[in-house]
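# A look at the structure
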Amino acid sequence: MGLTVQFTVDCADPPRLAAFWAEALDYRVQEPPEGFESWEQALTAMGVPPERHHDASAVVDPEGAGPRLFFQRVPESKRVKNRVHLDVRAAPGLTGEARMAALEAAADRLVARGATRIARHEPAPPLGAGHLVLADPEGNEFCLD
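To start, this report covers the structure provided alongside it. Remember, it's a predicted structure, so these values are computed and weren't measured experimentally.

Our focus in this paragraph is the sheet that holds strand β6 (residues 116–121). Reading across from one edge, β5-β8-β7-β6 is the order of the four strands in this open sheet, with mixed pairing throughout. With one partner strand each, in any of the chains shown, β5 (86–88) and β6 form the two edges of the open sheet. Averaged over all pairs of adjacent strands, the angle between their axes in this sheet comes to 25°, without regard to strand direction. Of the strand pairs in this sheet, strand β7 (residues 131–135) and strand β8 (residues 141–144) are connected by four bridges, and their pairing is antiparallel. Considered in β8, the bridge of Val133 is made with Cys143. Sitting on the sheet, helix α1 (residues 14–25) touches β5 and β8, and the angle it makes with β5 is about 45°. Docked against the sheet, helix α3 (residues 96–111) engages β6, β7 and β8, running at close to 10° with respect to β7.

Here the focus is the side chain of Asn140. Within the secondary structure, Asn140 is located in the loop between β7 and β8. Judged by its relative accessible area of 13%, Asn140 is buried. Contacts of Asn140, omitting those with residues within four sequence positions, involve Val9, Leu17, Lys78, Asn82, Leu134 and Ala135.

What counts, and where the lines are drawn
Residues take numbers from 1 onward in each chain, read along the sequence in its written order. Owing to the predicted nature of the model, reporting of local features is limited to residues with pLDDT of at least 70; listing and counting of side-chain atom pairs is limited to 80 or more, with chain, interface and lining totals taken over all residues. Derived side-chain values reflect all non-hydrogen atoms in the structure, with water molecules and hydrogen atoms excluded from consideration. Two strands pair if DSSP finds at least two bridges between them. A run of DSSP states H or I qualifies as a helix once it reaches four residues; a run of E qualifies as a strand once it reaches two. Both are numbered from the N-terminal end. Axes here mean lines fitted to C-alpha atoms, for a helix over just the part in contact, with angles spanning 0 to 180 degrees between N-to-C directions. The contact definition used throughout considers only heavy atoms, calling two residues in contact when any of these lie within 4.5 Å. Under the scheme applied here, a residue whose accessible area is under 20% of the maximum for its type counts as buried, over 50% as exposed, and between as partly exposed, the area being computed with a 1.4 Å probe on protein chains only.

Below, the structure is given as structure tokens:
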């Protein structure tokens, strides 16, 4: 049996962050279990009180290739820089100004959905292709690479 990877993100608003990351990664919010038309219906059937219905959410790769991202509500807020972050490959195969233009377009799309720009790193050959650093709506850093 093969192992799979899931990334778990502690946050204040799981549905909001799941919607953001679904958009950022071309993922989709995970469907409710078979036999249920909605998560509300499934959670109610499982005995989860209504005030806890938004304590978690997840996004999945529609192709089934990428890892699942699970978002769970926690009481504390983010306080320091992430030790692990996601690199969103927004300009594969592009170099120079074409690469940076593609990254900027992706950044504009994500900023419109709640991300914050943090930094732009210009190409520095031979190893540095250039990238942008952003934060999601709750301040979790990620790179557009």
